[in-house]
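Structure assessment
As a plain string of letters, each chain reads:
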Amino acid sequence: MKVLVTGGCGFLGSHVCAYYRKLGWDVISYDSMTKYELARTGFNINLARKHNWNLLSDLGVDLQEKDIQNFDDLIDSTKNCDFIVHAAAQPAMTVSSEDPRLDFSTNVLGTFNVLEAARLTGAPIVSCSSIHVYGTGVNDTLTEQATRYTRTPASLDESHPTMTGTLTPLHASKKSGEEYALAYIDTYGVKAGIFRLTGLYGENQFGGEDHGWVAHFTISAMKGEPITLFGNGKQVRDIIYANDVCEAIHAFYNNQRPGIYNIGAGEENSISLLECIDYLKELTGREVHYSFGGERLGDLKYFICDTSKAEKELGFKPSVAPKEGIKRLLTWVENNRDMFFA
Ligand SMILES: NC(=O)c1ccc[n+]([C@@H]2O[C@H](COP(=O)([O-])OP(=O)(O)OC[C@H]3O[C@@H](n4cnc5c(N)ncnc54)[C@H](O)[C@@H]3O)[C@@H](O)[C@H]2O)c1
């Protein structure tokens, strides 16, 4: 069996590649290695860029440094693949408003190309979207508690209206990717799973202020650097450990029921930014310094996935709770200290 993972050297992609190697599949990582976001993290870019590449190389992954915008390359690489996982993206809200053309060409044209490859090869595909497509308007009925917001109902399912409230180019590009995938399901019968992912975290994540907040907080805690909380820190997410997402992806492969799925970890695995900082204090035994900054355009204050559709149709249930997952992430960060200092 053979899977092609776009963005295979990114955070989620690296976990997907490792997961399928463990199952004994042939794996292609198809990644342009732009690592655009690393330029602004203050990490040692050379070490960080190579980390996931070296890891996957040791696991026997076929590493292809190629761009999803190049359709000829893509169709060539997807030949004879049994499955495609599309995890390449421009994933950051901030970058999308600073460079909307990059956001469009990566997330819209790139996703279109990957769907075309799925159509022409006949391979089923999981295409990564984001809970951001629901928009910021879902914050409307929030109640403020000491360290978090609450909302009734606590979680929202896939039928909730999308693109609500103030939008950024990232909302538009991720939603366009979804619309194309839906059209390809209807028109061509492509077996596409559109995964609306909540906040992901885990090893191999080079989180910064722009993207990957759990990793950003963990790395900052290890470095003793202050964290800026944009807003009041009571923002709530259900966060999902990367290997759980891999389980969901494989559950889709096994069932191949096309459509949109919220892939999150549910209310019992939800935390606020302030609670995450408390976890890190507990785990490191050190003070974690933070201050408050202004709210940012497009940020969601509260979102928890109702994951009953993924559970019912794919048989998927997450298994790693935030405390355990953050502990594993912290261990990885501490074992790779050199990468996080420029
Ligand atoms: N990390 C999260 O919390 C989160 C939350 C919701 C949704 N998502 C979605 O999950 C997916 C994976 O996110 P991630 O956190 O692993 O991102 P990431 O930035 O770690 O990885 C993306 C990878 O895509 C590659 N890439 C970028 N442009 C490319 C191009 N034109 N051609 C080929 N490769 C290219 C990058 O080099 C990078 O390795 C994305 O679709 C993202 O929107 C992530």
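Refer to the structure above for everything that follows.
Let me begin by describing the structure that accompanies this report. A quick note: this is a predicted structure, and the numbers were derived from the prediction, not measured.

With that out of the way, let us pick up the pairing of strand 11 (residues 236-241). Within strand 11, six of the six residues are buried, leaving the element largely enclosed by the surrounding structure. Residues of strand 11 alternate between two faces, with Val236, Asp238 and Ile240 on one and Arg237, Ile239 and Tyr241 on the opposite face, all of them buried. In terms of strand pairing, strand 9 (residues 199-201) meets strand 11 through three bridges, oriented parallel. Within strand 11, the residue paired with Tyr201 across the bridge is Tyr241. Bridge analysis of strand 11 against strand 13 (residues 270-272) gives three bridges, and the strand direction is antiparallel.

On to the site of the ligand, then. Around the ligand, the structure places 28 residues, and the nearest of them are Gly7, Gly10, Leu12, Ala89 and Cys128. Sorting the residues of the shell around the ligand by element identifies helix 1 (11-22), helix 5 (100-121), strand 5 (125-130) and strand 9 as the ones contributing at least two each. Classifying every residue of the shell around the ligand gives 12 nonpolar, 12 polar and four charged.

Helix length check: helix 2 (residues 45-58), at 14 residues, gives a terminal C-alpha distance of 20 Å against a target of 20 Å (1.5 Å per residue), a fit within 8%. Most pronounced at His51, the bend in helix 2 amounts to some 35°. A positive phi of about 85° marks Gly60, the residue just after helix 2.

A regular strand places its side chains on the two faces of the sheet in alternate fashion. With six of six residues buried, strand 8 (residues 192-197) is to be regarded as a mostly interior element. Alternating positions in strand 8 separate into two faces, Ala192, Ile194 and Arg196 on one and Gly193, Phe195 and Leu197 on the other, with burial throughout. With six bridges connecting them, strand 5 and strand 8 associate as parallel partners. Paired with Ser130 across the strands is Leu197, a residue of strand 8. Sheet topology note: the strand 8/strand 12 (residues 259-263) ladder contains five bridges and is parallel. The residue bridging Gly193 from the neighbouring strand is Gly259, located in strand 12.

A word on the sheet that holds strand 2 (residues 26-30). Across a sheet, paired strands are connected by hydrogen bonds in the backbone, their directions being either parallel or antiparallel. Spatial strand order, 3-2-1-4-5-8-12: seven strands in an open sheet with parallel pairing. Each of the sheet's edge strands pairs with one partner strand only, and the pair in question is strand 3 (62-64) and strand 12. Within the sheet, the average angular offset between the axes of one strand and its neighbour, ignoring direction, is 20°. Its contacts with the sheet put helix 6 (residues 169-188) on strand 5, strand 8 and strand 12, and the angle it makes with strand 5 is roughly 150°.

Rules and cut-offs
- Residues numbered from 1 in each chain as written.
- Predicted model: local features only at pLDDT ≥ 70, side-chain atom pairs only at ≥ 80, totals over all residues.
- Buried ≥ 20, exposed ≤ 12 C-beta atoms within 10 Å, placed from the backbone.
- Helix = DSSP H or I, 4+ residues; strand = E, 2+ residues; numbered from the N terminus.
- Pairing = 2+ DSSP bridges.
- Near = placed C-beta within 6 Å.
- Nonpolar A, V, L, I, M, F, W, Y, C, P; charged D, E, K, R; others polar.
- Expected span 1.5 Å × (residues − 1).
- Bend = angle between axes of the 7 residues up to and from the residue.
- Axes fitted to C-alpha atoms, helices over the stretch in contact; angles between N-to-C directions.
- Contact = placed C-beta atoms within 7 Å.

Note that every value here comes from positions in space, so none of it alone points to a role or purpose.
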